[in-house]
Amino acid sequence: MAAEHSTEQTPTEYIVHHLTHLKVGEGFWTFHVDTLFMSALLAAATAWFLYAGARRAQAGVPSRFVNFIEMIYEFVDGQVADVYHGNRAFMVALALSLFTWIVAMNAMDLLPLDVPGSIAGLLGAKYWRVLPTADLNGTIAMAIVVLFLIIGAAIRAKGLRGYAHEWVTAPFGANPILWIPNFALNVVELLAKPVSLSMRLFGNMYAGELLFMLIALLGMGAALSLGGSFMFLGQLIAGTMWAIFHILIILLQAYIFMVLPIVYIAMAEEHH
Amino acid sequence: MTINATFIGQILVFLILLWFIARFITPALSQALNERQKKIADGLAAAERGQKDLADAQSRADGVIKEARDRANQIIDQANRRSNEIVDAAKGTAQHESERIVTAARGEAATEAARARDALRREVGSLVAAGAARLLEREVDAKAHADLLDKLASEIGRS
């Protein structure tokens, strides 16, 4: 996979190259073109894929493809129904968007490491990171949307006054001495949710991507040294094993990112 | 892993996807699945109803068949009885008739025999008289010897 780089790159350069985004702009107003493009492309693909199934779904006997889409929907619907009680139409849409989109984005990690970058290189892009969920901007964006949905759900369930009251009186009590500790704890509690959500997904995918790169370095070693054929074999075995195991991580992380926001929203609507 | 304006774009992408799925995907799937659920429930209910109807019809048919069988048996019994009666009656009539015919035939035969015997007797009488006349070379007065002749004739007729 990495053989074509071996003559011109050290392992460090190789990894740094693979961890560099294609950027536009300066300072804060920098845009990661690869992340934006890949996530938008995968969002469109996911939407089209689901729409192709939803458009043909009717009460009659479903085709295999429609059945598959319905299976995904019913899985998500069942998960949401377990944690969220009440009208869950929007919650199912939220969970389905998160799950399918994150699965699609995470699955990019299974593409051969150098192929997307090489294709982008042919089109004139110097860098190309294919995995939007290994970019903290990608995961934190979803977490921020979830954060606002949590706040919105809490206000809708309790009213602005009730929610504000809860900020200063829960969890310790309504005593004015406790207002500040209550408020501080609530800030931590609220912010911990998006941070943990985004960091968990980002960390898992970043680490997975990095491990693929390290495994690819074995192949680079194969081209450099005499006993390198063993390293090539090592790359083959380790890469296969990690890719198979990574399928689990892809689905598991998407599942976690699907269920936790629903749990948070359900919790936010509960009265303390 | 720096946070920059990319996340704003990511939020927009996510919101668009969320809107699209909430608008076009989940309502359609939810509706289709609810409709199918209803259809299947209706189908099962109809099947159950059909089964019940079938069982009812079966039991009703069994009743009708049983009734028909009873009725047929009754009719057969009646017919048998009636045919026996007819046969018996016919047998009686035939017996009677045959007896009558036999009696009539017997009577007739007896009359005929008696008449033949009388004719024979007269014949024999006249033959005897003729024979005697031949023997005696003279007329035999049939009247005068009638008694003798009759006696003779009856003896012949008896033998």
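This structure is a prediction, so every number in the text was calculated from the model and none was measured.

The next thing to look at is the packing of aromatic side chains. For any pair of aromatic rings, the description consists of the separation of the ring centres together with the inter-plane angle of the planes. Overall, the coordinates contain 18 aromatic pairs over all chains when judged by the stated rule. Seen in terms of ring centroids, phenylalanine 37 of chain A and tryptophan 128 of chain A are 5.8 Å apart; in terms of plane orientation they differ by 70°. Their pairing is edge-to-face. Here the residue phenylalanine 37 of chain A occupies a position in helix α2 (residues 33-56), and tryptophan 128 of chain A occupies one in the loop between α5 (115-122) and α6 (136-169), the gap between them amounting to 91 residues. Put simply, the rings of Phe28, Trp29 and Phe31 of chain A together with Phe7 of chain B pair up and form one aromatic cluster.

All names here are of chain A. The predicted model of chain A averages 88 in pLDDT, with 94% of residues at 70 or higher. Mean pLDDT values over the elements of chain A span from 84, in strand β1 (residues 23-26), up to 95, in helix α4 (residues 89-107). Here residues 1-6 is modelled with pLDDT under 50, and outside its nearest four sequence neighbours on either side it reaches 14 contacts, counting other chains as well.

Contact pair α6 of chain A / helix α1 (residues 6-136) of chain B: the axes reach a minimum separation of 8 Å and the direction vectors enclose 55°. Considering their axes alone, α6 of chain A and α1 of chain B lie oblique with respect to each other. The two elements α6 of chain A and α1 of chain B cross, and the hand of that crossing is right-handed. Here Asn137, Gly138, Ile140, Ala141, Met142, Ile144 and Val145 of chain A of α6 of chain A come into contact with α1 of chain B, specifically with Thr6, Phe7, Gln10, Ile11, Phe14 and Leu15 of chain B. For the contact of α6 of chain A with α1 of chain B, the class distribution of residues is 9 nonpolar, 4 polar and no charged.

So, about a nonpolar patch on the surface. Taken together, the side chains of Phe28 and Trp29 of chain A together with Ile8, Leu12, Ile16 and Trp19 of chain B present a nonpolar region at the surface, about 660 Å² in accessible area. For the nonpolar patch, the element with the most residues is α1 of chain B, which contributes 4 residues. Position of isoleucine 8 of chain B relative to the elements: it lies in helix α1.

The subject of this paragraph is the nonpolar core. Counting residues in hydrophobic clusters, the biggest one holds 72 residues, and the most contacted among them are Trp101 and Met142 of chain A. For this core, the secondary-structure elements that each account for two or more residues are α2, α3 (64-83), α4, α6, α7 (179-224) and α8 (228-269) of chain A together with α1 of chain B. Filtering out sequence-adjacent residues up to four positions away, tryptophan 101 of chain A remains in contact with Ser39, Leu42, Ala43, Thr46, Leu96 and Met142 of chain A together with Gln10, Val13, Phe14 and Leu17 of chain B. Counting residues in each nonpolar core, the second largest holds 11 residues, with Tyr14, Ala216, Leu217 and Trp242 of chain A among its members.

Quick look at the packing of α2 of chain A against α4 of chain A now. Residues and elements named next belong to chain A. Packing of α2 against α4 brings their axes to within 9 Å, and their N-to-C directions diverge by 120°. In terms of orientation, α2 and α4 fall into the oblique class. Judged by the sense of rotation from one axis to the other, the crossing of α2 with α4 is right-handed. Between α2 and α4, the contacting residues are Ser39, Leu42, Ala43, Thr46 and Leu50 on the first element and Leu96, Thr100, Trp101, Ala104 and Met105 on the second. Here the residues of the contact of α2 with α4 are counted per class, giving 7 nonpolar, 3 polar and no charged.

Let us now look at the interface of chain A and chain B. Each partner contributes to the interface: chain A provides 43 residues, whereas chain B provides 30 residues. For the pair chain A and chain B, the two sides together bury roughly 3400 Å², of which 78% comes from carbon and sulfur. It is Ala59, Tyr73 and Asn137 of chain A that lose the most area in chain A upon contact with chain B, and together they represent 17% of the buried surface on that side. The tally of links from chain A across to chain B stands at 1 salt bridge. Note that arginine 36 of chain B and glutamate 70 of chain A form a salt bridge whose closest N and O atoms lie 2.8 Å from each other. Linking chain A with chain B are 11 residue pairs in polar contact (both at pLDDT 80 or more). Looking at the side of chain A that touches chain B, the elements with two or more residues in it are β2 (29-32), α2, α3, α4 and α6 of chain A. Its residues assigned to classes, the side of chain A that touches chain B shows 29 nonpolar, 11 polar and 3 charged.

Calculation rules
Residues numbered from 1 in each chain as written. Chains lettered and ligands numbered in written order. Predicted model: local features only at pLDDT ≥ 70, side-chain atom pairs only at ≥ 80, totals over all residues. Heavy atoms only, no water. Phe/Tyr/Trp six-rings, centres within 6.5 Å; stacked < 30°, edge-to-face > 60°. Helix = DSSP H or I, 4+ residues; strand = E, 2+ residues; numbered from the N terminus. pLDDT = per-residue confidence, 0-100. Contact = heavy atoms within 4.5 Å. Axes fitted to C-alpha atoms, helices over the stretch in contact; angles between N-to-C directions. Parallel < 35°, antiparallel > 145°, perpendicular 65-115°, else oblique. Left-handed = near helix turned anticlockwise from the far one by under 90°. Nonpolar A, V, L, I, M, F, W, Y, C, P; charged D, E, K, R; others polar. Patch = residues over 30% accessible without salt bridge, like charges linked within 9 Å, V, L, I, M, F, W, Y side chains within 5 Å. Areas by Shrake-Rupley, 256 points an atom, 1.4 Å probe, with all protein chains shown as cover. Salt bridge = Lys/Arg side-chain N within 4 Å of Asp/Glu carboxyl O. Core = buried A, V, L, I, M, F, W, Y, C linked by side-chain atoms within 4.5 Å. Buried < 20%, exposed > 50% of the residue type's maximum accessible area, 1.4 Å probe, protein only. Buried area = accessible area lost by both parts, 1.4 Å probe. Polar contact = N/O pair within 3.5 Å; in protein donor to acceptor, adjacent residues only side chain to side chain.

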